[in-house]
Structure formats: structure tokens, C-alpha cells
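Understanding the architecture of this molecule
Chain by chain, the residues run as shown.
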Amino acid sequence: MREIYYVEDDAGISGMVKAYLEGKGFQVTVLSTAAEARLALKRHLPEIVLLDWNLPDGTGENLCRWIRRQFGEQIPILLLTVRGETKDVVKGFENGADDYLVKPFDLDILYSRLLAVLRRAEAAGISAGKQKKLYCGKLCLDPEKQDVYEDGEPLVFTPTEYRVLLYLMEHKGKTIGRERLLEAIWDISGNYVNDNTLTVTVKRIREKLKNPFYLKTVRSFGYRMED
């Protein structure tokens, strides 16, 4: 089922939109604040975000900009707002929105706009809802480019450090035993990374990440990445 995040603090409007779109076959998750939206997006990416401009803890334009900074073009964004002046529409697009619909809107028009945005995303080769980059806390890892960022700042890791971090990120939320991790980090010459090297490698990763809360040590067993 195609998934939508709808960021809207007006329960009456969000309930109406949710019921309509779910009747069209979508799964709609309503988030009432920017903070809820950020947390949900770090855990999982939907196919599209419907975003209200005025939120209790910020503005839709700021959240839109944050989404683009964190996830690039992976998620199409449709702004829904009472702000219909030209300057506001322009500002919405400048901050990363893919389309803009002014309230009050007809639900059939919303549905048509939503489908159009998804079609454009698919035509552009954007895999909406498929998380290419990996995230944990403020950490972002791009397997395609082999880049690592923390809170937007690039970090440099050795090949072995990167492989350990990638493996833990790919299995976020699961405790990975040291033996399993050693077997996974197989170097080019066919030798296993020894146990002491693994300990030192994780220690260096922690230092570069400034001892992050999201890299956990499970005593006498292994490690776990978690938000």
C-alpha cells in the first residue's frame, strides 16, 4: 500500500483528508507537529509528504527545507496552506516543495495533484519511499557515494571503519554479535579482522562521532545502532 505522511495540526481537516485518501487506497499517517514529523521521517520514509504551512512548533517552509537537507529529493512534498499570495507560493517552491495547493481545496483536486507529483517523481527516477541513504540520530550514511555526515557535516573514516559502520547502520535496531561482525568485515586478502582490531575500530568510530548515544555496546556480546 502506498504511504503518505500528512503533517497537519487541525484534526478536522486531517481526518477528512485521511478518510478520503485511504478510500483511494493510500495509507495515511497524520502527524500534528514538526517534531513528530522529523522523528517519523528518521525512522521511515513514505512515498510523499503532505505538509501544512502553519504548525504549532514551526512552519511548513522550515520543515520542508529540513526534509530537503536531510533526505535530498527522495520524498516528494506537497504544501497545503491558506497562504495563497504569490510571494508565499514562490517561497514554498524555493524551500523545496514540489507542488502547492491553497486551502480550502477540493479533495478530488488534491488527489489529482498528489498523483501528478508522484508521476513526476517516478519519471525523474526518484524511488519515493525507498530509503537509499541510511540514518541514525544525526548521522547520515550514503552507501552509493560512501559518504558519512553528522548533522550535515562530512566525516572521514578508514575503509574498515566505514564497513563496520555501514553494517551496523544496515541492521539498525538489532544487536550484532562480535563474531557475526567479524565475519561480515572480510578484507580483500581473505583474512578475518581479528577481535582486537574490531575493538579498536569501534573505539575510533566512537571518537570520530564524539561518543554518540546511538552507538550502543552490549556488554560481552556486541554492538547496536539505534535512534
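Everything in this summary refers to the structure shown in the same document.

The rules behind the values
Residues numbered from 1 in each chain as written. Predicted model: local features only at pLDDT ≥ 70, side-chain atom pairs only at ≥ 80, totals over all residues. Heavy atoms only, no water. Helix = DSSP H or I, 4+ residues; strand = E, 2+ residues; numbered from the N terminus. Buried < 20%, exposed > 50% of the residue type's maximum accessible area, 1.4 Å probe, protein only. Areas by Shrake-Rupley, 256 points an atom, 1.4 Å probe, with all protein chains shown as cover. Lys, Arg positive; Asp, Glu negative; His and termini not counted. Charge placed at Lys NZ, Arg CZ, Asp CG, Glu CD. Core = buried A, V, L, I, M, F, W, Y, C linked by side-chain atoms within 4.5 Å. Contact = heavy atoms within 4.5 Å. Axes fitted to C-alpha atoms, helices over the stretch in contact; angles between N-to-C directions. Parallel < 35°, antiparallel > 145°, perpendicular 65-115°, else oblique. Pairing = 2+ DSSP bridges. Phe/Tyr/Trp six-rings, centres within 6.5 Å; stacked < 30°, edge-to-face > 60°. Lys NZ or Arg CZ within 6 Å of the ring centre and 35° of its normal.

1. So, the overall build of the protein chain
Within the protein chain one finds eight helices and 14 strands. The dimensions of the protein chain, computed from C-alpha atoms along their principal axes, are 65 × 35 × 30 Å. Counting over 227 residues, the protein chain shows a buried share of 46%. Accessible surface computed for the protein chain: about 11,900 Å², of which carbon and sulfur atoms make up 51%. Here the protein chain contributes 34 positively and 34 negatively charged side chains, and the mean placements of these two sets differ by 4 Å.

2. Looking at the nonpolar core
Counting 25 residues, the largest nonpolar core has L165, L181 and M225 as the members making the most contacts within it. Listing elements by their share of this core, those giving two or more residues are β8 (134–136), β9 (139–142), α6 (159–170), α7 (178–184), α8 (195–208) and β14 (222–225). Of all the elements, α6 adds the most residues to this core, at seven residues. In terms of nonpolar packing, the next biggest core, distinct from the first, is built from 24 residues, W53, L79, A97 and C140 among them.

3. Observations concerning the side chain of E161
Relative to the helices and strands, E161 is located in helix α6. Apart from residues lying up to four places away in sequence, E161 is in contact with T201, R204, I205 and K208.

4. Section: the side chain of D142
Summarising the element assignment, D142 is placed in strand β9. Ignoring any residue separated from it by four or fewer positions in sequence, one finds D142 in contact with K133, D147 and Y162.

5. Points about the packing of α6 against α8
Two elements in contact, α6 and α8, have axes separated by 10 Å at closest approach and are oriented at 85°. By the criterion of interaxial angle, the relationship of α6 to α8 is roughly perpendicular. On α8, the residues touching T160, E161, V164 and L165 of α6 are L198, T201, V202, R204, I205 and K208.

6. Digging into the environment of L55
Position of L55 relative to the elements: it lies in strand β4 (residues 54–55). Note: C-alpha distance between L55 and G137 (82 residues apart in sequence) is 23 Å. With residues up to four places along the chain from it excluded, the contact list for L55 reads V7, E8, S32, A34, G60 and L63.

7. With respect to the sheet that holds β8
Spatially, four strands are ordered β8-β9-β10-β11 in an open sheet, and the strand pairing comes out antiparallel. Edge positions in the sheet fall to β8 and β11 (153–155), since each has one partner strand and no second. If you compare each strand with its neighbour and ignore which way they point, the axes differ by 25° on average. Across three bridges, the pairing between β8 and β9 is antiparallel. Note on β9: the bridge partner recorded for C136 is L139. Sitting on the sheet, α6 touches β8, β9 and β10 (147–150), and the angle it makes with β9 is about 105°.

8. A few points about the packing of aromatic side chains
Taken as a whole and assessed by the stated rule, the structure comprises five aromatic pairs. Ring geometry for W53 versus Y100: centroids 6.3 Å apart, planes at 65°, classification edge-to-face. Of the two residues, W53 is situated in the loop between β3 (48–52) and β4 and Y100 in strand β7 (residues 99–102); the sequence distance between them amounts to 47 residues. Exposure class is identical for W53 and Y100. Each is buried. Seen in terms of ring centroids, F213 and Y214 are 5.3 Å apart; in terms of plane orientation they differ by 75°. Their pairing is edge-to-face. Assessed through its relative accessible area of 53%, F213 is described here as exposed. Given the relative accessible area of 2%, Y214 is considered buried. Among the aromatic residues, ring-to-ring pairing joins Y20, F26 and Y111 into one connected group. Here the guanidinium or amino end of K24 rests over the ring plane of Y111, the centre of that ring lying 4.8 Å away.

Just geometry here; none of it tells us what the structure is for.
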